[in-house]
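Letter by letter, the chains look like this.
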Amino acid sequence: MSSKGIDQLGSIEQQFDRESSAVEDLRALEDLRNRYLSRKSGLLTAQLQNLRSIPASEKAEFGRVANELKTKIEDSLSDLQQRISDKEKDAALERERLDITLPGNRRRIGRRHPLTIVRKEIEDIFIAMGYTVEDGPEIETTYYNFDALNIPAGHPARDPRDTFFVSDDMVLRTHTSPVQVRTMEKIQPPVRIICPGRVYRRDAADPTHSPMFHQIECLVIDEGVTFADLKGTLDRFHKQFFGEKTKTRLRPSFFPFVEPGAEVDVSCNFCEGSGCRVCKLTGWIELLGAGMVHPNLYGYVHYDREKYTGFAFGGGIDRYAMSKYDINDLQLFFQNDMRFLGQF
Amino acid sequence: MRASYQWLKEFVDINEDPRQVGTRLTQVGLALEGLETGAGDSIFDLDVATNRPDCLSHLGIAREVSAIYGSELRKPKFELREKTKESKSVFSISIADPDLCGRYCGRYIAGVKIGPSPDWLKARLEALGQRSINNVADATNYVMLELGQPLHAFDADTLEGHQIIVRRAELDETLTTLDGVERRLDPSTLLIADANRGVAIAGVMGGAETEISSGTTNVLLESANFDPLSIRKTSRAVGLTTEASYRFERGCDVEMARYACDRAAALIQQLAGGEIYHGVIDVYPRERKPIALGLRGGRIEGFLGAPVEDAIVERIFKSLGFKIERASDCWTIEAPSHRVDIGCEEDLLEEIARHHGYDKFPLTLPSWKGFGAALPREAEERRLRNILSSLGYTEICTYSFSDEQMERRFRPDIAPVKLQNPMSEDESVLRTSLVPGMIETIRWNQNRGNRDLRLYELSKVYGPHGERRALILGAAGALHAPSVHETERKFGFYDLKGDVEEILTAFDGRTETDTYGLPNYYHRGRVARFGDLALFGELHPEFTEAFKIRHRVYAAEIDVDRLLGVESRKQVQPICRFPAVRRDFSLLLEKGTQYGAVHRMILEAGIPELVRVEPFDRMEAGPFPEKKYSLSISVIYQSTERTLTDAEVESFDQKVLQLLEQRLGAQLRR
């Protein structure tokens, strides 16, 4: 037969189970704790203090049950505390919920000009292949711009309708080739340089012409440099720049400072050569003039034309940018409309 | 050069269709730019390079076709029926200036009947873009298109003295050309003259008084060769480019002159009747001597990168009309007279490459020792661009050209470099400053609704002593546009100054504010410089209003080469282990006392533990006299060796405040 004391413990346990299941917040939890465990008025505390009134034969059993109940209540309170505090933390975060679908608060970074992006990209490709970047003046002598490039006085390329003259013997350079001559005057082969920069021709501004544009030229002179090296270099450059699927095609052409000369076409970046609006359905885009350095040029810079051979090519940085990004109007580069520049 | 497919087929057998022929011609250097196919014929539009005048004729193009397909080239067939009477008995020709006229062939044809050309001839000329004139003139044009030799027919009866003299024009000599324009000439012009006067500008255009007319009965036919440079100069000087001058200035085949003369005479006779007098009057003072060039066998692989079989090499040259002889490992090659472009071994290598096929050579990379390198200061330039991007500045690229008035307005001290032949008056000089281009770009954008702008340009400016790179920053509108997150914040002077400080500090440039040399296009009260490195401020409203801009515009001009060249041996400072002490003071100062004076004064206190001074508040009015303003500053002390004691900090404060009071009359606000 269980004693009256142990029965009372049982009813306290039942009461606790009932009350604890209704506790929702920390305040109610504290009340619950005090109601059962408070030193002064706790229901269980009171039972434990009554130990003296329990008959000796029941004391041990009562003590065991009472302590088990105490442990159970304490564990239960502790669980409740954890649950409630987790819930309140969740609620606090929930109150801070944002509309994460609103646009971000962007701090606009500035953009580089597409001509700079393309120029640096090309420079980096050639630097990685072992080339050195050179530059030179834009206001150039007619000697460097023409004579030393096998374009003698009276040559149609010197026509003042095509070239800006500053004085009788100074022009705005019409290509970056003078930098090649200046470099060759400074050093003996091997020469392997690229010359990017601003050049000028008297063309009225329209979607494909501009009196000012940007060129990049390449010059290689060494023993044993061949036409096949020219082809391979162009092929590698274009694969690096446009992608590995790109094809490069050379067609015979004429420029006074090279022999043989070539026009260089690149397979269209957008249709991969099958023909589209960008390449005017041809599958190809003409980008460069190229060739083996004309032996007459070696005479101007005192290179041994029997010992050395070389190649050179040049094209418009503007044209490369137009092909790469499908830009159909050269003027966009110089109007500097933010709606254009902001896209790079 | 426009060329007829059917006409080409008269000289060479072609089995492929015009489209395929066009592709093959492109591969040998005659780029196909257009192909029109009409009734019974196709017309090629070919881009003939300036060094290949031999291809400005059907025979020349047919020669390339014959080399491509390995088929035989046939010259035009004609029958020349001459009278026994000698040409020389009725006419004389002399060349006074053999430097400018290498050969002059003439034929006399009597009793022609001028009339319209037959339909086949008209059709052929018109398909190639030539207007039909009359049977004799058309015959000369036809032969030019066929053989590449320009010809001219004179009404022989209008030539005084029955003679032709090739001489330079006299100063101010006049001649009315076929187009009815009277032209005043000078001795740089080569003239075809009769006994008394000029009758044609050599190689460019005939004279009106001696042209073939409906009443012409006797014809003097000219087939000559002129110096290319002289023709080019004359053509430019008189402003006339004709089919004849186009060919002569590129170089005609001197050996073709006589053949073409015969061919044209025969055609005239066929079309207009008449009697061809016997013999060509052929004045050829200095006969062409063929040049033999050597071509070394090993050179083909050494130069082109792959060997080409001897048989192919020899076939290519023979089919193009070259004479080729083999001697051990070397060929001796003689170019035909129509190939005025051949002068060295590399020219021969090109013939092999283009007819063997550019695509036949492999793709290789040149081998070498050494390394590549960017331009000097490239790494610094890229770092600068990154900083500019992070600060929100977008790069622009403007024309180097400018308007002289504009340049003088912004840089009255520099005489800009002038162009002799500008495109227009407002592009007649090279810019001396990047400021006008920046303002113009801001105007362009604001007019198109792009109001909030931060821009930069890193580019050259030009002056009488050369060219240098410059950097400009420009800003207008809001720093932050209003959004759901923030209200609008306008860009202001201190934003600009902060950006310039950020840039200069990154390159260890000095950022102490100076006030010397401030140009007048800046707002007088809102401009400063950091030494010679940077000049910055709000632009003067009058200068921006000239561009019709109504908003504030900010600009900073930075000497970029000096900035990137600042020698910096950056050494990292160890992070201090001891705490810093921050002391805040509110000072009352006389209005007009600048912050800079306060800052300098605190530094003058000479406290080694003073690491930083920061202003954090400024009040123009408050519970203090009207002539004063309140400036709140933080002074930060820190020792690298120990924690500072309260007493030390107190003594530093006293020193600072005493100095500020004594020297600037600053009072501490309690």
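What you are looking at is a predicted structure, and each value in this text was computed from that prediction instead of being measured.

Comments concerning the interface of chain A and chain B
So, step 1. On the side of chain B, 84 residues touch chain A, which itself brings 90 residues to the contact.
So, step 2. At the boundary of chain A with chain B, total buried surface from both sides reaches about 7100 Å², with 55% on carbon and sulfur atoms.
So, step 3. Considering only the surface of chain A that becomes buried against chain B, Arg108(A), Pro252(A) and Glu259(A) emerge as the three largest contributors, covering 9% of it.
So, step 4. Here chain A is connected to chain B by eight salt bridges.
So, step 5. Ionic pairing is found between Asp159(A) and Arg236(B), a salt bridge with its closest N-O pair at 2.6 Å.

Quick look at the packing of aromatic side chains
So, step 1. In total, this model carries 43 aromatic pairs over all chains according to the counting rule given.
So, step 2. An angle of 70° between the planes, with centres 6.2 Å apart, marks the rings of Tyr5(B) and Phe44(B) as edge-to-face. Of this pair, Tyr5(B) sits in helix α1 (residues 5-11) while Phe44(B) is found in strand β3 (residues 41-47), placing the two residues 39 residues apart along the sequence. The same class applies to Tyr5(B) and to Phe44(B), which are both buried.
So, step 3. Between Phe317(B) and Phe322(B), the ring centres sit 5.2 Å apart and the planes meet at 70°, which makes this aromatic pair edge-to-face.
So, step 4. An aromatic cluster is built from Phe126(A), Tyr131(A), Phe237(A), Phe241(A), Phe242(A), Phe311(A), Phe313(A), Tyr320(A) and Trp368(B), whose rings are joined through pairwise contacts.
So, step 5. Positioned above the aromatic ring of Trp284(A), the side-chain terminus of Arg249(A) is 4.4 Å from the ring centre.

Brief notes about the environment of Ile151(A)
Residues and elements named next belong to chain A.
So, step 1. With respect to the helices, strands and loops of the structure, Ile 151 is situated in the loop between α6 (142-145) and β3 (165-167).
So, step 2. For Ile 151, a relative accessible area of 3% translates into the label buried.
So, step 3. When the C-alpha positions of Ile 151 and Gly 42 are compared, they lie 111 Å apart, and in sequence the two are 109 residues distant.
So, step 4. Residues contacting Ile 151, with those up to four places away along its chain left out, are Asn 145, Phe 146, Ala 157, Arg 158, His 175, Pro 256 and Phe 257.

Overview of the sheet that holds strand β23 (residues 453-463) of chain B
Residues and elements named next belong to chain B.
So, step 1. Across the sheet, seven strands lie side by side as β20-β23-β24-β30-β29-β28-β27; this open sheet has mixed pairing. Strands with a single pairing partner mark the edges of an open sheet, and in this sheet they are β20 (394-395) and β27 (513-514).
So, step 2. Together, β24 (466-476), β27, β28 (522-530), β29 (534-539) and β30 (553-558) form the strand contacts of helix α16 (residues 493-506), whose direction differs from that of β29 by roughly 165°.

Quick look at the sheet that holds strand β18 (residues 323-327) of chain B
Residue and element names in this part refer to chain B.
So, step 1. The strand order across the open sheet formed by three strands is β17-β19-β18, and the pairing between neighbours is antiparallel. The open sheet has two edge strands, β17 (292-296) and β18, and neither has a second partner. When the angles between neighbouring strand axes are averaged without regard to direction, this sheet yields 25°.
So, step 2. Judged from the five bridges that link them, β18 and strand β19 (residues 330-334) form a sheet pairing that is antiparallel. Across the sheet, Ile 324 pairs through a bridge with Ile 333, a residue of β19.
So, step 3. Together, β17, β18 and β19 form the strand contacts of helix α11 (residues 310-319), whose direction differs from that of β18 by roughly 150°.
So, step 4. Across the sheet, helix α12 (residues 345-356) is in contact with β17 and β19; its angle to β17 comes to roughly 65°.

Topic: the side chain of Ser630(B)
Residues and elements named next belong to chain B.
So, step 1. Mapped onto the elements of the fold, Ser 630 is located in strand β33 (residues 628-637).
So, step 2. Ser 630 sits in the buried class, given a relative accessible area of 1%.
So, step 3. Separated by 3.2 Å, the side chains of Ser 630 and Arg 669 make a polar contact.
So, step 4. For Ser 630, the contacting residues outside a window of four places in its chain are Leu 587, Leu 588, Asp 617, Arg 618, Met 619, Phe 624 and Arg 669.

Concerning the pairing of β33(B)
Residues and elements named next belong to chain B.
So, step 1. The buried fraction of β33 amounts to 10 of the 10 residues, a majority that puts the element mostly inside the structure.
So, step 2. Burial of β33 is two-sided: the residues Lys 628, Ser 630, Ser 632, Ser 634 and Ile 636 facing one way and the residues Tyr 629, Leu 631, Ile 633, Val 635 and Tyr 637 facing the other way are all buried.
So, step 3. Here 10 bridges tie strand β31 (residues 581-590) to β33, and the two strands are oriented antiparallel to one another. Residue pairing for β33: Leu 589 is matched across the bridge by Tyr 629.
So, step 4. Where strand β32 (residues 610-619) and β33 come together, eight bridges link them in antiparallel fashion. Residue Val 613 lies in a different strand from β33, and its bridge partner there is Val 635.

Looking at the domain arrangement of chain B
So, step 1. By domain assignment, chain B separates into domain 1 (2-69), domain 2 (82-283), domain 3 (291-354), domain 4 (378-565) and domain 5 (581-668).
So, step 2. A straight line from the C-alpha centre of domain 2 of chain B to that of domain 5 of chain B covers 97 Å.

Topic: helix α19 (residues 595-604) of chain B
Residue and element names in this part refer to chain B.
So, step 1. Turning to α19, its buried residues number three or more, namely Ala 597, Val 598, Met 601 and Ile 602. Taken around the axis of α19, the buried residues stretch over an arc of 135°, which confines them to a single face.
So, step 2. Looking at the buried side of α19, the elements it contacts are β31, β32, β33 and α20 (646-664).

Let's talk about the packing of α19(B) against α20(B)
Residue and element names in this part refer to chain B.
So, step 1. In contact at an axis separation of 9 Å, α19 and α20 are set at 130° when each is read in the N-to-C sense. Looking at the two axes, α19 sits oblique to α20. As for the relative orientation of α19 and α20, their crossing is right-handed in sense. Of the residues in α20, those in contact with Ala 597, Val 598, Met 601, Ile 602 and Glu 604 of α19 are Val 656, Leu 659, Leu 660, Arg 663 and Leu 664.
So, step 2. Classifying every residue of the contact of α19 with α20 by side-chain character gives eight nonpolar, no polar and two charged.

Things to note about the side chain of Glu404(B)
Residues and elements named next belong to chain B.
So, step 1. Topologically, Glu 404 is positioned in helix α14 (residues 404-410).
So, step 2. Look at Glu 404 and you get buried, because its relative accessible area is 18%.
So, step 3. Residue contacts for Glu 404: discarding those within four places in its chain leaves Pro 416, Lys 418, Ser 428 and Val 429.

Comments concerning the pattern of salt bridges
So, step 1. As enumerated under the stated definition, the model contains 89 salt bridges over all chains in all.
So, step 2. Arg64(A) serves as the salt-bridge partner of Glu68(A), at 2.8 Å between the closest nitrogen and oxygen. Of the two residues, Glu68(A) and Arg64(A) both sit in helix α4 (residues 56-95), four residues apart, roughly one turn of that helix.
So, step 3. Since its relative accessible area comes to 42%, Arg64(A) is described here as partly exposed.
So, step 4. Arg107(B) is paired through a salt bridge with Glu82(B); the nearest N and O atoms lie 2.8 Å apart. Placement of Arg107(B) in strand β6 (residues 101-110) and of Glu82(B) in strand β4 (residues 82-86) is noted, with a sequence separation of 25 residues between them.
So, step 5. For Arg107(B), a relative accessible area of 2% puts it in the buried group.
So, step 6. One continuous salt-bridge network, built from bridges that share partners, spans Arg119(A), Lys120(A), Glu123(A), Asp124(A), Glu378(B), Glu381(B), Arg382(B), Arg385(B), Glu395(B), Arg469(B) and Asp561(B).

Criteria and cut-off values
- Residues numbered from 1 in each chain as written.
- Chains lettered and ligands numbered in written order.
- Predicted model: local features only at pLDDT ≥ 70, side-chain atom pairs only at ≥ 80, totals over all residues.
- Heavy atoms only, no water.
- Contact = heavy atoms within 4.5 Å.
- Buried area = accessible area lost by both parts, 1.4 Å probe.
- Salt bridge = Lys/Arg side-chain N within 4 Å of Asp/Glu carboxyl O.
- Phe/Tyr/Trp six-rings, centres within 6.5 Å; stacked < 30°, edge-to-face > 60°.
- Helix = DSSP H or I, 4+ residues; strand = E, 2+ residues; numbered from the N terminus.
- Buried < 20%, exposed > 50% of the residue type's maximum accessible area, 1.4 Å probe, protein only.
- Lys NZ or Arg CZ within 6 Å of the ring centre and 35° of its normal.
- Pairing = 2+ DSSP bridges.
- Axes fitted to C-alpha atoms, helices over the stretch in contact; angles between N-to-C directions.
- Polar contact = N/O pair within 3.5 Å; in protein donor to acceptor, adjacent residues only side chain to side chain.
- Domains from an automatic or database assignment.
- Arc of directions from axis to C-beta.
- Parallel < 35°, antiparallel > 145°, perpendicular 65-115°, else oblique.
- Left-handed = near helix turned anticlockwise from the far one by under 90°.
- Nonpolar A, V, L, I, M, F, W, Y, C, P; charged D, E, K, R; others polar.

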